[in-house]
Amino acid sequence: MVDNTGEEEVELSILLPQSNLLQKPACGHLRDTHLVPGKLLKGSDHISLGQYQGKFGEDRIWDDHRISMQEAIKDDLTDIEKEDIDRAIALSLSQEDPKGKKVVEDDSQSEDEQLCKIDDEEDEYLAKIQQEEDEQLAKLQQEEDEQLAKLQQEEDERLAKIQQAEVERLAKAQLEEDEQLARAIQESLTIGSSPGSDNDSSFLSYPHPFPPGYRICAGCKTEIGQGRFLSCMGGVWHPECFCCHACRLPITDYEFSMSSNRPFHKSCYREKHHPRCDVCKNFIPTNSSGLIEYRAHPFWLQKYCPSHELDGTPRCCSCERMEELTDGSVPFLLLSFRSVQPRDAKYLLLDDGRKLCLECLDSSIMDTHECQPLYLEIQEFYEGLNMKLEQQIPMLLVERQALNEAMEGEKNASGHHHLPETRGLCLSEEQTVTTISRRPRIGAGYRVIDMITEPYKLIRRCEVTAILVLYGLPRLLTGSILAHEMMHAWLRLKGYPNLSPEVEEGICQVMAHMWLDSELYSGSGNDGASSSSLSSSSSSPSSSTASSKKGKRSNFEKKLGEFFKHQIESDTSSAYGDGFRSGNQAMLKYGLKRTLDHIHMTGSFPY
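Residues numbered from 1 in each chain as written. Predicted model: local features only at pLDDT ≥ 70, side-chain atom pairs only at ≥ 80, totals over all residues. Heavy atoms only, no water.

Novice: An account of the overall build of the protein is needed here, citing residue identities and associated values.
Specialist: Tallying secondary structure elements over the protein gives 12 helices and 24 strands in all. Counting across all 607 residues of the protein, residues that qualify as buried make up 38%. Sequence-distant contacts, at least 24 apart, represent 57% of the contacts inside the protein between residues at least 6 apart. Surface accessibility of the protein: about 35800 Å² in total, with carbon and sulfur atoms responsible for 51%. (Helix = DSSP H or I, 4+ residues; strand = E, 2+ residues; numbered from the N terminus. Buried < 20%, exposed > 50% of the residue type's maximum accessible area, 1.4 Å probe, protein only. Contact = heavy atoms within 4.5 Å. Areas by Shrake-Rupley, 256 points an atom, 1.4 Å probe, with all protein chains shown as cover.)

Novice: Describe the pattern of salt bridges, with residues and values.
Specialist: Taken as a whole and judged by the stated rule, the model has 13 salt bridges. One salt bridge connects Glu 293 with Arg 295, and the closest N-O pair in it is separated by 3.3 Å. Taking relative accessible area as the criterion, Glu 293 reaches 33% and is therefore assigned partly exposed. Judged by its relative accessible area of 28%, Arg 295 falls in the partly exposed class. With a shortest N-O distance of 2.9 Å, Glu 377 and Arg 475 are connected by a salt bridge. Of the two residues, Glu 377 is situated in helix α6 (residues 368-384) and Arg 475 in helix α8 (residues 475-493); the sequence distance between them amounts to 98 residues. You'll find Glu 377 and Arg 475 in the same group, each marked buried. Connected through salt bridges with shared partners, the residues Glu 293, Arg 295 and Glu 309 form a single ionic network. (Salt bridge = Lys/Arg side-chain N within 4 Å of Asp/Glu carboxyl O.)

Novice: Explain helix α10 (residues 555-569) to me, using residue names and the numbers behind them.
Specialist: Taking 1.5 Å as the rise per residue, α10 with 15 residues should run 21 Å; its terminal C-alpha atoms sit 21 Å apart, in good agreement. By the burial criterion, the buried members of α10 are Phe 556, Glu 557, Leu 560, Gly 561, Phe 563, Phe 564, Lys 565, Gln 567 and Ile 568. (Expected span 1.5 Å × (residues − 1).)

Novice: Residue-level account of the side chain of Lys 355, with values.
Specialist: With respect to the helices and strands, the residue Lys 355 is situated in strand β15 (residues 355-357). Despite its burial, Lys 355 remains without a salt bridge, the nearest opposite charge being carried by Asp 352 at 8.4 Å. Among the polar contacts made by the side chain of Lys 355, one reaches the main-chain carbonyl oxygen of Gly 353 at a distance of 3.2 Å. (Lys, Arg positive; Asp, Glu negative; His and termini not counted. Polar contact = N/O pair within 3.5 Å; in protein donor to acceptor, adjacent residues only side chain to side chain.)

Novice: Can you explain a negative patch on the surface? Please cite residues and give values.
Specialist: Together, Asp 119, Asp 120, Glu 121, Glu 122, Asp 123 and Glu 124 give the surface a local cluster of negative charge. Within the secondary structure, Glu 121 sits in helix α3 (residues 103-190). Since its relative accessible area comes to 45%, Glu 121 is described here as partly exposed. (Patch = residues over 30% accessible without salt bridge, like charges linked within 9 Å, V, L, I, M, F, W, Y side chains within 5 Å. Charge placed at Lys NZ, Arg CZ, Asp CG, Glu CD.)

Novice: So what about the sheet that holds strand β23 (residues 466-470)? Which residues, and what values?
Specialist: One open sheet accounts for 3 strands, arranged β17-β23-β18; its pairing is mixed. Strands at the two margins of the open sheet, each flanked by one partner only, are β17 (395-398) and β18 (424-427). Across this sheet, the average inter-strand angle for adjacent strands is 20 degrees, counted without regard to direction. Bridge count for β18 against β23 is 4 bridges, and the pairing is antiparallel. Within β23, the position partnered with Gly 424 by the bridge is Val 469. Of the strands in this sheet, β17 and β23 are in contact with α6, which crosses β17 at around 135 degrees. Along the sheet, α8 makes contact with β17, β18 and β23, crossing β18 at roughly 20 degrees. (Pairing = 2+ DSSP bridges. Axes fitted to C-alpha atoms, helices over the stretch in contact; angles between N-to-C directions.)

Novice: Any details on the confidence of the model for the protein? Residues and values, ideally.
Specialist: Per-residue confidence for the protein gives a mean pLDDT of 74, with 69% of residues at or over 70. pLDDT under 50 marks residues 189-213. Its contacts with residues more than four places away, or in other chains, come to 38 contacts. Segment residues 524-550: pLDDT under 50, and 65 contacts once partners within four positions in sequence are set aside and those in other chains are kept. (pLDDT = per-residue confidence, 0-100.)

Novice: Give a detailed account of the environment of Pro 275, specifying residues and quantitative values.
Specialist: Mapped onto the elements, Pro 275 comes out in the loop between α4 (266-273) and β12 (295-296). Residues in contact with Pro 275, not counting those within four places in the same chain, are Asn 282, Phe 283, Ile 284, Ile 292, Tyr 294 and Lys 303.

Novice: Tell me about the environment of Ala 512, and please be specific about residues and values.
Specialist: Looking at where Ala 512 falls in the secondary structure, it is placed in helix α9 (residues 501-521). Among the residues examined, Ala 512 registers a relative accessible area of 1% and is labelled buried. Once the C-alpha coordinates of Ala 512 and Ala 483 are considered, the two residues, 29 residues apart in sequence, prove to be 5.1 Å apart. For Ala 512, the contacting residues outside a window of four places in its chain are Ser 480, Ala 483, His 484 and Ile 568.

Novice: Tell me what's going on with the environment of Cys 247, and back it up with residues and numbers.
Specialist: Its location among the elements puts Cys 247 in the loop between β9 (235-237) and β10 (257-259). Measuring from C-alpha to C-alpha, the distance between Cys 247 and Cys 268 comes to 7.2 Å, with 21 residues separating the pair along the chain. Here Cys 247 is in contact with His 265 and Cys 268, once residues within four sequence places are set aside.

Here is the structure:
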């Protein structure tokens, strides 16, 4: 082509590699880098840049016509112009790296890496600052907690010191008051009376320098004039007005006792407030710690010295009360019970070593024949509950030794034997038992004599061969044992399965408790044996001592029945105590019949 100046102009298009047209930096910056075709002016050694009309990412397609034109042009160029073109091409190629990438890309990547490194350093710096702040806050919080704890400890120590000082101050004030009172009483005892005094009191008066009306007696509320006075209990007193609250006599002793802000002689105070032993009638002594220690029966509330549990003091086998000593002597040892009797003894010594108080003796049952009417009453009680026993089961009263021997010969013995001694048994085996056939007499020294026993051969006609009960117990206790053992017999005869001790003994205790209730509250019970049983000639079964005789029950026997109920209710054993409470609760909730039906089906109490 020829421009207006007449110079030839040659158009040269330079093909650039496709990979250099668009580059994406490593850190996300987008850079466009490209070269466009340029112009090479003839007679000039520079290249002017032109415009590139193609698209990025597309391959260059050169047609044959264009190639032929460029070859023609090259043929017309001089050697210098060809060298310029080669230099331009070399310059373009020198800007590419061995992999075909531009050098400018390396500069961009280096810049991006530097930016990323700066960002990482900034993050690390911020994290380090945050960590230092957290550590500083934690340290400040710990110091604050330690300071608060120290302040609280100082406050507690200060309060403790104040409290201790207050206690010491009160103790010191009390000591000063006691010393002042003691000095006043001592002075009143030692000061002599003035001449001409008509005072007959044991206190001697002395002239007082204060004018009349200066002091008013706290007892008689009159003026204390010339003479002696006492200063105590926050007031002043005439010596004859400061009196014991118990005996109303003047207190002249150096020491006195106080109760409810009232003065007492020390002897009167002890007599009125110090507990006495119900056994030896003496004041209960203090223990090694200076405290009054005694024992008390949970039902009878009998107080006694702890030493009486070890010195052989008699205890009734029925009511469990300790017997009172009437001669003031020290109780004799247990081994001497049979050979020595204290004067005016109030208990009976049985042949098997048991002791029975005279009040329990009044209603005691002593032989098998005497117990038969009570046995018939228990059978009627069961019949009234629709629990009649069709079989005739022998009932025998026996001594302790015979009862223990029978229990040893029984494979499946069940009965009233959870206490220290066995009191009743329900037997199912054939054996020979020694029974008491006639009531023994009471000889000298309240000892049982002339007891007649005989062997009794038990024959097995049903599941139960006999019911044994310990002799010599009061009627109500004997009846409750019979009611218990008859329930064992009823369960066996009615085909109840093998029950657990809690269920079987529990329901038996329920029946004994129910019978005692009926005796105490129905008014149909029998009176106990009269005191005529103490006569040495009372051996006839028709005697007035027969426990089955209808009559009014004594107040003590009613109290005794309440005690036997209390024993059942407060029993702590698993079978007899817990079993009774579970069975009684079921009986009160569902009734006796439904409770027994449930036991028969399940072997347990309903809940």
